[in-house]
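What follows is each chain in one-letter form.
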Amino acid sequence: MCARYTLTAEDKEILKAHPLKGLEGYQPDPNIAITDKGLIITSDEPDRIQHMHFGIVPHNALSNKLTYDTWNIRSEEVMDKKTYRPLLVNRKTCLIISDGFIEWKEEADGKDPYHFTLLGRKEKTFCFAGLWSQWMDPETNEPYRTYGIMTTTSNETVGRVHTKKRMPVILPRNQELKWLDKNKSIDELLAMCVPYPDSLMVATKLNRDINAVSTKKKPNKGIDLLKPLNTDEEPKQGDLGL
């Protein structure tokens, strides 16, 4: 699944694709992990960018602590899950702004990370399809907004690395506003949850330094984490050397 992704684009690059308010406080992040904040555009407020936490906290949860996997949402099962069905029924759809995602290939001595990015787009950024939720703090009455990424079966490029053959739903630019359209039927929305074309993706092998999740005591957010691994076996588009 997709539990780590990247957003290292400059402000002007994000605003080129999404000229909206709300970008204040943005910091590039090469290692966005669960509970970290990401940039989100919702169907409820499509005119602004919001900062939300990765991993859905249901509105009726006892606390905002994640107790199970809510960062990835299998599109084939979304209507069968009590956490996600109400979100889709009520069109709590969102765009998750990104410029790449990380998946790992299992090796005998550990996991090798690969950075997946897109080709053939005018802008550096793209959007995952997602759902979002709002939990209210019972003590402060402050909202805590969270999101999860829709996933689908992987294309061949991702499948060569990801043994579970899954990948995030990446929306073509001309489908982003459709995903936010509250008038779209559920079937129309789910029809967008398909693998992204292999010919428009590239994978780059990274150093294992990115594997560590960042914490306050041990931050792991350096932009050099996305530097391609210096190896003759570095994977290229359509050929991961596997």
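From a predicted model like this one, the values you see are computed outputs, not experimental measurements. (Residues numbered from 1 in each chain as written. Predicted model: local features only at pLDDT ≥ 70, side-chain atom pairs only at ≥ 80, totals over all residues. Heavy atoms only, no water.)

Observations concerning the overall build of the chain
Right, so step 1: Per the secondary structure count, the chain includes 5 helices and 13 strands.
Right, so step 2: What you see for the chain is a C-alpha radius of gyration of 17 Å, in line with the 18 Å of a compact globule of 242 residues.
Right, so step 3: By principal-axis analysis of the C-alpha atoms, the chain measures approximately 55 × 40 × 35 Å.
Right, so step 4: The buried share among the 242 residues of the chain stands at 49%.
Right, so step 5: Put simply, 71% of the contacts in the chain that link residues at least 6 apart link residues at least 24 apart.
Right, so step 6: If the 35 positive side-chain charges of the chain are averaged to one point and the 35 negative ones to another, these points end up 2 Å apart. (Helix = DSSP H or I, 4+ residues; strand = E, 2+ residues; numbered from the N terminus. Rg over C-alpha atoms; globule rule 2.2 N^0.38 Å. Buried < 20%, exposed > 50% of the residue type's maximum accessible area, 1.4 Å probe, protein only. Contact = heavy atoms within 4.5 Å. Lys, Arg positive; Asp, Glu negative; His and termini not counted. Charge placed at Lys NZ, Arg CZ, Asp CG, Glu CD.)

Here we look at the confidence of the model for the chain
Low-pLDDT stretches of the model should not have their predicted coordinates read in fine detail.
Right, so step 1: On average, residues of the chain carry a pLDDT of 93, and 95% of them reach 70 or more.
Right, so step 2: Scored below 50 in pLDDT, residues 232–242 shows 27 contacts in the model against residues more than four places distant or in partner chains. (pLDDT = per-residue confidence, 0-100.)

Quick word on the nonpolar core
Across soluble globular proteins, nonpolar side chains show a tendency to be buried alongside one another.
Right, so step 1: Counting 53 residues, the largest nonpolar core has Tyr5, Tyr147 and Trp179 as its most contacted members.
Right, so step 2: By residue number, the principal contributor to this core is strand 9 (residues 126–136), which donates 6 residues.
Right, so step 3: Residues Ile102, Ile210, Leu225 and Leu226 belong to the second largest nonpolar core, which totals 6 residues. (Core = buried A, V, L, I, M, F, W, Y, C linked by side-chain atoms within 4.5 Å.)

Details of the side chain of Arg4
Right, so step 1: The topology assignment puts Arg4 in the segment before strand 1 (5–7).
Right, so step 2: With no salt bridge to any partner, buried Arg4 finds its closest opposite charge in Asp36, at an N-O distance of 7.2 Å.
Right, so step 3: Within the local environment of Arg4, its side chain forms a polar contact with the side chain of Asn31, the two groups lying 2.9 Å apart.
Right, so step 4: Within the local environment of Arg4, its side chain forms a polar contact with the backbone oxygen of Asn211, the two atoms lying 3.0 Å apart.
Right, so step 5: When neighbours within four sequence positions are excluded, Arg4 is seen to be in contact with Asn31, Ile32, Ala33, Phe101, Ile102, Trp104, Ile210, Asn211, Ala212 and Val213. (Salt bridge = Lys/Arg side-chain N within 4 Å of Asp/Glu carboxyl O. Polar contact = N/O pair within 3.5 Å; in protein donor to acceptor, adjacent residues only side chain to side chain.)

Let's talk about the packing of aromatic side chains
Right, so step 1: Summed over the entire model, instances satisfying the criterion amount to 7 aromatic pairs.
Right, so step 2: Measuring from centroid to centroid gives 5.1 Å for Phe101 and Phe116, while their planes differ by 15°, and the two rings are stacked. Of this pair, Phe101 sits in strand 7 (residues 100–107) while Phe116 sits in strand 8 (residues 110–118), and the two are 15 residues apart along the sequence.
Right, so step 3: The buried category is assigned to Phe116, whose relative accessible area is 1%.
Right, so step 4: Both rings, one in Phe126 and one in Phe128, keep their centres 5.4 Å apart while their planes meet at 80°; by these two values the pair is edge-to-face. Here the two residues Phe126 and Phe128 agree in accessibility, since each one is buried.
Right, so step 5: An aromatic cluster of three or more residues is present, and its members are Tyr5, Phe54, Phe101, Phe116, Phe126, Phe128 and Tyr147. (Phe/Tyr/Trp six-rings, centres within 6.5 Å; stacked < 30°, edge-to-face > 60°.)

Overview of the side chain of Glu176
Right, so step 1: Secondary-structure assignment places Glu176 in helix 4 (residues 176–180).
Right, so step 2: The residues contacting Glu176, other than those within four sequence positions of it, are His18, Leu95, Arg121, Cys127 and Leu171.

A look at the sheet that holds strand 2 (residues 29–32)
Right, so step 1: Strand order in the open sheet made by the 5 strands is 2-1-7-8-13, with antiparallel pairing throughout. This sheet does not close on itself; its edge strands, each paired only once, are strand 2 and strand 13 (201–205). If you compare each strand with its neighbour and ignore which way they point, the axes differ by 30° on average.
Right, so step 2: Where strand 1 and strand 2 come together, 2 bridges link them in antiparallel fashion. Bridge pairing in strand 2 links Tyr5 to Ile32. (Pairing = 2+ DSSP bridges. Axes fitted to C-alpha atoms, helices over the stretch in contact; angles between N-to-C directions.)

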